[in-house]
Amino acid sequence: MTKKGFIFDLDGVIVDTAKYHFLAWKKLANGVGVDFTEIQNEQLKGVSRQKSLEKILEWGNKTLSEEEFTKLMALKNEDYLSYVEHMKEDEILVDVPKVLNYLISKKHPIALGSASKNATAILDKVNLLQKFDAIVDGNGVKKGKPNPEVFLNAAKLLNVNPNECIVFEDAKAGIEAANAANMISIGIGEKSVLSDADYVFKDFTEISLEFIDDIISNKIKKEKTNLSIDK
Ligand code: B16
Ligand code: MG
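In short, a report on the structure.

Quick notes on the rules
Residue positions are counted from 1 within each chain, in the order its sequence is given. Written order determines the labels here, with chains lettered from A and ligands numbered from 1. It should be noted that, the model being predicted, local features are given only for residues of pLDDT at least 70 and side-chain atom pairs only at 80 or more, the latter also being counted only at that level, while totals for whole chains, interfaces and linings use all residues. The side-chain numbers reported here are obtained from all heavy atoms of the structure, hydrogens and water having been left aside. Where helices and strands are cited, they refer to DSSP runs of H or I of at least four residues and of E of at least two residues respectively, numbered from the N terminus. Computation of the radius of gyration draws on C-alpha atoms, with the globule rule given as 2.2 Å multiplied by the number of residues to the power 0.38. Think of it in three bands: with a 1.4 Å probe and only protein chains considered, a residue is buried below 20% of the maximum accessible area for its type, exposed above 50%, and partly exposed in between. Working rule for contacts: check all heavy atoms of both residues, and any pair within 4.5 Å makes them a contact. Per-residue and other accessible areas follow the Shrake-Rupley method at a 1.4 Å probe size, with only the shown protein chains counted as cover for residues. Here an angle of 0 to 180 degrees is reported between the N-to-C directions of two axes, which are lines fitted to C-alpha atoms, with helices fitted over the stretch in contact. Throughout, the term roughly parallel applies to angles under 35 degrees, roughly antiparallel to angles over 145, roughly perpendicular to angles from 65 to 115, and oblique to all others. The handedness criterion is simple: a crossing whose near helix is rotated anticlockwise from the far helix by less than a right angle is left-handed, and one whose near helix is rotated clockwise is right-handed. Just so you know the grouping, Ala, Val, Leu, Ile, Met, Phe, Trp, Tyr, Cys and Pro go in nonpolar, Asp, Glu, Lys and Arg go in charged, and all remaining residues, Gly too, go in polar. Working definition: the arc comes from the directions between the helix axis and the C-beta atoms, pointing outward to the latter. Paired strands, as defined in this entry, are two strands with at least two bridges between them according to DSSP.

The next subject is the overall build of the protein. Helix and strand content of the protein: 9 helices and 6 strands. A compact globule built from 231 residues would reach a C-alpha radius of gyration of about 17 Å, and the protein, at 18 Å, matches this within 12%. Principal-axis analysis of the C-alpha atoms gives the protein an extent of 55 × 40 × 30 Å. Split into buried and exposed, the 231 residues of the protein put 49% on the buried side. Expressed as a percentage of contacts within the protein between residues at least 6 apart in sequence, the contacts between residues at least 24 apart total 61%. Accessible area for the protein stands at about 11,600 Å²; split by element, carbon and sulfur atoms hold 49% of it.

See the structure below:
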């Protein structure tokens with residue numbers, strides 16, 4: 001049987017750190033006189049820290065000097081990490097360990113493919129770091145999602161062909177990146193948002209081990225392709 005590579009996004013797939021990003025971005029935005037809503041926070045999912053701040057300033061019609069911009073990014077991260085610091089295993093999203101442990105028992109390699117520069121620290125906090133064979137995070141990529149770089153790097157590290165890889169993602173940009181990498185894209189969240197994904201599940205409770213077996217045995221294949229990466 002061909003070896004498959006399984007790649008997991010972090011925020012929104014393994015843990016829900018979006019709520020901490022929201023608190024930290026809201027504090028920062030309000031501090032410079034800009035409004036920030038949960039709906040706007042949704043649009044920052046999978047988006048890098050720098051791009052997120054650019055968007056917030058754009059929404060609020062604000063411009064900052066380069067120095068202020070760098071300072072605010074550092075402050076946001078400090079605030080965000082004050083929440084991350086308290087994270088424990090109970091913040092792992094339901095049934096994620098079920099799938100991780102099953103893949104490990106079947107000897108299929110697992111990678112993380114996240115935009116976050118704090119990914120290793122977060123995985124360590126929730127005690128999952130040891131389960132991953134490779135970590136590709138915001139420190140290791142030049143082009144963020146929807147560019148496929150993050151997932152292609154992960155496939156390389158796992159030593160698995162991209163077309164034998166499967167990506168679990170909660171962000172639209174992440175699904176586009178997985179499709180551009182020619183990997184099976186599995187959306188975690190709402191079908192209406194993740195319509196480009198090959199398969200969509202509300203969360204991991206909906207993903208059966210039979211489904212994983214069907215992927216491994218090629219019964220389940222890639223449904224959609226999207227090779228436009230110039231975004
Ligand atoms: P950091 P993911 C992404 O994580 C988050 O969804 C996004 O909201 C955040 O801005 C980005 O990481 C960068 O995070 O500030 O920790 O470097 O979903 O790609 O795992
Ligand atoms: Mg995510």
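This next bit is on the packing of helix 1 (residues 18–31) against helix 4 (residues 66–84). Geometry of a packed helix pair, given as the angle between the helix axes and the separation of the axes. Look at helix 1 against helix 4: their axes get within 9 Å of each other, and the N-to-C directions meet at 140°. In terms of axis orientation, helix 1 runs oblique to helix 4. Crossing geometry of helix 1 relative to helix 4 is assigned as right-handed. Here Tyr-20, His-21, Leu-23, Ala-24, Trp-25, Lys-27 and Leu-28 of helix 1 lie close against helix 4, whose contacting residues are Leu-72, Lys-76, Asp-79, Tyr-80 and Tyr-83. Tallied by class, the residues present in the contact of helix 1 with helix 4 amount to 8 nonpolar, 1 polar and 3 charged.

Listed as buried for helix 9 (residues 209–216) are Phe-211, Ile-212, Ile-215 and Ile-216. All buried residues of helix 9 fall inside an arc of 140° around its axis, so they share one side. Asn-218 lies just past helix 9 and shows a positive phi near 65°.

What follows covers the pairing of strand 2 (residues 110–113). Every second residue of strand 2 is oriented toward a common face, with Ile-110 and Leu-112 on one face and Ala-111 and Gly-113 on the other, all of them buried. As judged from the 3 bridges shared by strand 1 (residues 5–8) and strand 2, these two strands associate in the parallel manner. In the strand pairing of strand 2, Phe-6 is matched with Ile-110. In this structure, strand 2 lies alongside strand 3 (residues 134–136), joined through 3 bridges in parallel fashion. Counterpart to Gly-113 in the pairing with strand 3 is Val-136.

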